[in-house]
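Structural overview for review
Spelled out from the first residue to the last, the chains are:
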Amino acid sequence: MYSSVTDICTADELEAILLLIESSAPQSRSPHWTPGWRGESEVALLDAVFSARAPYGGPTSGVRAVISRWRSHRGDNRLDDLTTLAELTTDPDSLVEILSNRQLVPGNSRTKGAAVAVAAHTLVSLGLFCSADFEQPTEEQFDAFRAIPGLGETTWECMLMHLGVRTDKAVGHLHSFVADALEPLHQNLAAEITEDRCAVVLGAAAEALGTNLASLEHAVWRYQHKLRRPKRRQSEVALRSAG
């Protein structure tokens, strides 16, 4: 049964949310069970850009291999100065070499390394130098970011997720996931679940799974984004396959 007590997750609710997690984004199969990069704006940007339409990889491959190379280049344990990436706009190929990755952004307009440099320069020009500057993101910042060819709303949301910032859309994805899990327990449940209630249920699930809430939210957000992303038309897929 659904409980109206906001600070308690009932046994039935916990079982329901754990079942949906296991069937949709289990820890054993999803690579997205990571807490993000709070306090590291450089890494959050790199992760968001390089994970776009690409396999995330494991601890030493894919996106995290890119991050590891940048961390090694910087020689710093805390990467929270976007000017270090913004300075590379004059020679974006140098970042490609540093990261040993020549992937292109969606649309193939430029390398992801070049897009990172341009994005960092854009963010710095708007006064966003480090992670603390992202605590209250604005529409102006979002519009400037998504105007960069190859980047967009998902990349912006992903970067903010990694920094611990939850936009209304991100919260909506988490809310929908919890509502889907608990729907069999009560009619019209979605209307009754508040943001605080959602956090309680997800927090209880994270504790039961022996992980942190940030990691669970990231995995859920990735799943919900993919689930609700409009599917490309078959004709478009066929054209892409034909080259």
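In case you missed it, the structure is sitting above this.
Read on for an overview of the structure.

Rules used throughout
- Residues numbered from 1 in each chain as written.
- Predicted model: local features only at pLDDT ≥ 70, side-chain atom pairs only at ≥ 80, totals over all residues.
- Heavy atoms only, no water.
- Helix = DSSP H or I, 4+ residues; strand = E, 2+ residues; numbered from the N terminus.
- Contact = heavy atoms within 4.5 Å.
- Areas by Shrake-Rupley, 256 points an atom, 1.4 Å probe, with all protein chains shown as cover.
- Salt bridge = Lys/Arg side-chain N within 4 Å of Asp/Glu carboxyl O.
- Buried < 20%, exposed > 50% of the residue type's maximum accessible area, 1.4 Å probe, protein only.
- 1 Å grid on protein atoms, 1.4 Å probe; cavity = no way out; pocket = protein on both sides within 12 Å on 5 of 7 lines; lining within 4 Å.
- Points joined across faces, edges and corners; volume = space filled by probe spheres on them.
- Nonpolar A, V, L, I, M, F, W, Y, C, P; charged D, E, K, R; others polar.

**So, the overall build of the protein**
Each helix and strand counted, the protein has 12 helices and zero strands in total. Each helix and strand of the protein, placed in order from N terminus to C terminus, yields the pattern α-α-α-α-α-α-α-α-α-α-α-α. Considering only intrachain contacts with a sequence separation of at least 6, the fraction spanning at least 24 residues in the protein is 68%. For the protein, the accessible area works out to roughly 12400 Å², and carbon and sulfur atoms hold 50% of it.

**Observations concerning the pattern of salt bridges**
For the structure shown, the criterion picks out nine salt bridges. Residue Arg222 is joined to Asp47 by a salt bridge in which the shortest nitrogen-to-oxygen separation is 3.5 Å. Note that Arg222 is positioned in helix α11 (residues 213–228) and Asp47 in helix α2 (residues 41–50), a separation of 175 residues in sequence. Accessibility classification places Arg222 together with Asp47 in one group, the buried group. The shortest N-O distance in the salt bridge between Asp143 and Arg146 comes to 3.1 Å. Residue Asp143 and its partner Arg146 are located together in helix α7 (residues 139–146), separated by three residues, close to a single helical turn. Given a relative accessible area of 33%, Asp143 falls into the partly exposed group.

**Re the layout of surface pockets**
Its boundaries defined by the atoms lining it, the second largest pocket holds a volume of some 240 Å³. Lining of the second largest pocket is provided by 14 residues; of these, Pro137, Glu139, Trp156, Thr167 and Asp168 occupy positions nearest its centre. At the level of secondary structure, the elements contributing two or more residues to the lining of the second largest pocket comprise α7, α8 (153–162) and α9 (168–182). Tallying contributions element by element places α8 first for the lining of the second largest pocket, with three residues. Looking at the lining of the second largest pocket residue by residue, the class counts come to four nonpolar, three polar and seven charged.

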